[in-house]
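Chain by chain, the residues:
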Amino acid sequence: DTAVSQTPKYLVTQMGNDKSIKCEQNLGHDTMYWYKQDSKKFLKIMFSYNNKELIINETVPNRFSPKSPDKAHLNLHINSLELGDSAVYFCASSQFTTSGETQYFGPGTRLLVL
Amino acid sequence: EDQVTQSPEALRLQEGESSSLNCSYTVSGLRGLFWYRQDPGKGPEFLFTLYSAGEEKEKERLKATLTKKESFLHITAPKPEDSATYLCAASQGGSEKLVFGKGTKLTVNP
């Protein structure tokens with residue numbers, strides 16, 4: 001069973017377009033995240049939601065807007081795509097338990113802006 | 001500013017040649033230190049979370065340790081299938097944000 005899934009896996013689009021990436025987790029976790037991994041493989045957090053509420057919003061252009069319809073889903077909408085938005089976007093989810101914390105990552109969405 | 005620095009950037013080992021990867025962090029009030037493995041074209045795969053200095057965790061050929069300033073990922077008698085990029089991340093108390101290092105790309109030659 002897939003724990004954290006993302007669609008699409010690949011996304012090739014033109015500059016100026018608007019696109020969305022969807023994420024779903026079936027782990028029952030309360031917290032979900034979006035990360036961006038650039039061409040140098042550096043992974044950086046963008047947003048975090050806890051029970052549909054935004055709790056982390058890093059310095060990200062306001063062209064990026066996350067939306068959480070329920071705690072199992074966290075989508076990322078990007079307006080007016082730019083060349084520099086090309087990267088791999090990872091969704092993740094986590095839960096705190098008495099045995100600790102783990103963040104599980106999805107397989108990534110590879111976005112190429114032409 | 002919270003920082004996580006990993007070294008070396010890349011490491012080549014012969015099969016069976018043990019070594020260690022380093023992760024140094026400057027995070028006030030560390031809540032957890034995480035290790036992940038990432039294969040090409042895939043998402044990071046969770047390995048360990050360490051919470052306090054002196055803590056150690058093991059999984060097969062991997063052992064992670066934590067001090068007040070750094071963490072080590074020891075790889076004992078590695079095999080070619082251990083080849084991957086190993087990522088370290090730290091979280092601060094009161095925040096669920098993970099700050100990642102740039103990773104160490106490990107190649108194990110047969």
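What you see is a predicted model, and the numbers here were worked out from it, not measured in a lab. (Residues numbered from 1 in each chain as written. Chains lettered and ligands numbered in written order. Predicted model: local features only at pLDDT ≥ 70, side-chain atom pairs only at ≥ 80, totals over all residues. Heavy atoms only, no water.)

Participant: Tell me about the sheet that holds strand β1 (residues 4-7) of chain A, residues and numbers included.
Facilitator: Residue and element names in this part refer to chain A. Strand order in the open sheet formed by four strands is β1-β3-β8-β7, with antiparallel pairing between adjacent strands. Strands with a single pairing partner mark the edges of an open sheet, and in this sheet they are β1 and β7 (64-70). On average, each strand axis in the sheet is inclined to that of its neighbour by 20°, with strand direction left out of account. Across four bridges, the pairing between β1 and strand β3 (residues 19-25) is antiparallel. Paired with Q6 across the strands is C23, a residue of β3. (Pairing = 2+ DSSP bridges. Helix = DSSP H or I, 4+ residues; strand = E, 2+ residues; numbered from the N terminus. Axes fitted to C-alpha atoms, helices over the stretch in contact; angles between N-to-C directions.)

Participant: Requested: an account of the pairing of strand β7 (residues 62-66) of chain B, with residues and values cited.
Facilitator: Residue and element names in this part refer to chain B. The element β7 is extensively covered by neighbouring structure, given that four of its five residues are classed as buried. Bridging between strand β6 (residues 56-59) and β7 involves four bridges; their strand directions are antiparallel. Of the residues in β7, the one forming a bridge with E58 is K63. Following β6, the chain reverses through two residues before pairing antiparallel with β7; E60 in that reversal takes a positive phi of roughly 55°. (Buried < 20%, exposed > 50% of the residue type's maximum accessible area, 1.4 Å probe, protein only.)

Participant: Account for the interface of chain A and chain B, naming residues and giving values.
Facilitator: In this complex, chain A contributes 21 residues to the contact, which on the side of chain B involves 20 residues. For the pair chain A and chain B, the number of links is zero salt bridges. At the surface where chain A touches chain B, the tally comes to three residue pairs in polar contact (both at pLDDT 80 or more). Those elements that provide at least two residues to the side of chain A that touches chain B are β4 (31-37), β5 (43-50), β6 (53-57), β9 (87-97) and β10 (100-105) of chain A. No other element matches the five residues that β10(A) contributes to the side of chain A that touches chain B. Taken together, the residues that form the side of chain A that touches chain B break down as 11 nonpolar, seven polar and three charged. (Contact = heavy atoms within 4.5 Å. Salt bridge = Lys/Arg side-chain N within 4 Å of Asp/Glu carboxyl O. Polar contact = N/O pair within 3.5 Å; in protein donor to acceptor, adjacent residues only side chain to side chain. Nonpolar A, V, L, I, M, F, W, Y, C, P; charged D, E, K, R; others polar.)

Participant: Could you give an account of the state of the cysteines, with specific residues and numbers?
Facilitator: By definition, a disulfide links the sulfur atoms of two cysteines through a covalent bond. Residues and elements named next belong to chain B. Inspection of every chain in the model, using the stated rule, returns two disulfides over all chains. Each sulfur in the disulfide pair C23 and C88 lies 1.9 Å from the other. Its torsion about the S-S bond being -60°, the disulfide of C23 and C88 is classed as left-handed. Placement of the pair is C23 in strand β3 (residues 19-26) and C88 in strand β9 (residues 84-92), with a sequence separation of 65 residues. By the burial criterion, C23 is buried, and C88 matches it. (Disulfide = S-S within 2.5 Å.)

Participant: For the sheet that holds strand β8 (residues 70-75) of chain B, give the residues involved together with the corresponding values.
Facilitator: All names here are of chain B. Spatially, five strands are ordered β1-β3-β8-β7-β6 in an open sheet, and the strand pairing comes out antiparallel. The outermost strands of the open sheet, each flanked by one partner alone, are β1 (3-7) and β6. Shown here is a sheet whose adjacent strand axes are inclined to one another by a mean of 15°, direction ignored.

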